[in-house]
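Each chain is listed here by its residues.
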Amino acid sequence: MATVSAPALAQAKRLVIKIGSALLVDQSGLRADWLRSLAADVAALRARGTGVVIVSSGSIALGRRVLGLAGSTLPLEQSQAAAAVGQIRLARAYEEVLGPHDVSTAQVLVTLEDTADRRRYLNSRATLETLLSLGVVPIVNENDTVATDEIRFGDNDRLAAQIAVTIGADQLLLLSDVDGLYTANPKTDPSAEHLPVIEHITPEIEAMAGDPVSGLSKGGMKTKLLAAKVAVAGGCAMAIAEGFAEHPVGALEQGGRCSWFLPEGDPQAARKRWIAAMKPRGELFVDEGAANALRSGKSLLPAGITKVVGRFGRGDPVTIAGPDRAVLGKGLVRYTGDEARLIAGHRSGEIEEILGYPGRAALIHRDDMVVG
């Protein structure tokens, strides 16, 4: 029995919604009416100020129908071909259903390498942050056309969790073919009990996971628990809900059954802990003006840099020290050590002239920094 209340979707400032293949595609193709109802839900979320990212499966399922590829398991080359054909249809479908609500969409394709590599991670994060600030709903999927087994997330549950942590989302909703976590498989055990709120993912909770129940989806309850571990560690609450009915988000807001996994702290605090634990690759010294700006929560601009020490790449952690050489904090730098030395002491507007290309205004963004 739950001892704490479940989060409310209405409270979400940033929400990631993962759509399973079985919801989006059936044996006859795209479930267009269902997708239009989801678009209405997303538009309602956007209207009240919630930033929304959709992580959508379905490209391979759509593409294999167009190409007439039968069988339960496709060879890698055919999966990649199906993804290439299906992804363009998937992106167009989202654009067509969200457009009438005056909601712009963007396609973002990622691989595991994009989150494992800090430079790519920062680039992905900056792109998603910019899209959200412009009111766009990014449609994210694994780049199945180039991903191989060695660089795959393997399922979009875990991809959605990683995206949620990347953008600092406070809630993640996995819409799937199950309405949450049970003490056992409810299809085979009539005594299985539904768990509405999970405070901690214990070995006992992990033992309750079963196998996928749909031939169209890759992820079962085990992958959803793996996703939950990533999400809650990043300060993001996660819900598993059945989404076959139309208006699945609206139904959940009206009390639909689901299982909530409670976060460990808030997203920003979790991110700060992650950055603080990294081993620095270099050091930046700043003047008093920059030091005061950092203490007040501002980003670090090149103009405030007085000295750059060490060899580091984009996305590497560096320490930040004030004029008295006392450490002020640590952050993920957006330029290499050589680039930082060139632009140190210069205004952001001079970066393109110095480096030969337009760079980012901040050397370290405030969201990628822990001070104190």
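Here the structure is a predicted model, which is why all the values come from computation and not from measurement.

*Asks:* Could you clarify how one ought to interpret helix α12 (residues 288-295) in this entry?
*Replies:* Since one α-helical turn is 3.6 residues long, residues separated by three or four positions face the same way. By the burial criterion, the buried members of α12 are A290, A291 and L294. Buried residues in α12, looked at end-on, bunch into an arc of 105°, giving them a common side. Buried positions along α12 lie against β13 (282-286), β15 (317-321), β16 (327-332) and β17 (369-371). For α12, the capping residue at the N-terminal end is D287, with a side-chain oxygen 3.3 Å from the backbone nitrogen of G289. Residue G297 follows α12 closely and has a positive phi angle near 95°.

*Asks:* I tried to follow the nonpolar core on my own but got confused; where do I start?
*Replies:* Soluble, globular proteins show a tendency: their nonpolar side chains are buried together. Counting residues in each nonpolar core, the largest one holds 37 residues, and the members touching the most others are V16, V140, I163, L172, L181, M238 and F261. Elements with a minimum of two residues in this core: β4 (51-56), β5 (105-110), α6 (118-133), α7 (156-167), β7 (171-176), α9 (221-233) and β11 (237-242). The next biggest cluster of nonpolar side chains, apart from the first, holds 36 residues, and it includes A39, A237, V249 and W260.

*Asks:* Would you mind going over the packing of helix α3 (residues 59-67) against helix α4 (residues 76-98) with me for this structure?
*Replies:* For any two helices packed against each other, the geometry is given by the interaxial angle and the distance between the axes. Between α3 and α4, the shortest axis-to-axis distance is 6 Å and the interhelical angle comes to 105°. With respect to α4, the element α3 is oriented roughly perpendicular. Seen from α3, the contacting residues are S59, I60, L62, G63, R64, V66 and L67; seen from α4, they are S79, A81, A82, A83, V85, G86, Q87, R89 and L90. Class assignment of the residues belonging to the contact of α3 with α4 gives a composition of nine nonpolar, five polar and two charged.

Rules used in this analysis
- Residues numbered from 1 in each chain as written.
- Predicted model: local features only at pLDDT ≥ 70, side-chain atom pairs only at ≥ 80, totals over all residues.
- Heavy atoms only, no water.
- Buried < 20%, exposed > 50% of the residue type's maximum accessible area, 1.4 Å probe, protein only.
- Helix = DSSP H or I, 4+ residues; strand = E, 2+ residues; numbered from the N terminus.
- Arc of directions from axis to C-beta.
- Contact = heavy atoms within 4.5 Å.
- Polar contact = N/O pair within 3.5 Å; in protein donor to acceptor, adjacent residues only side chain to side chain.
- Core = buried A, V, L, I, M, F, W, Y, C linked by side-chain atoms within 4.5 Å.
- Axes fitted to C-alpha atoms, helices over the stretch in contact; angles between N-to-C directions.
- Parallel < 35°, antiparallel > 145°, perpendicular 65-115°, else oblique.
- Nonpolar A, V, L, I, M, F, W, Y, C, P; charged D, E, K, R; others polar.

Note that all results are geometric; they support no functional claim without further evidence.
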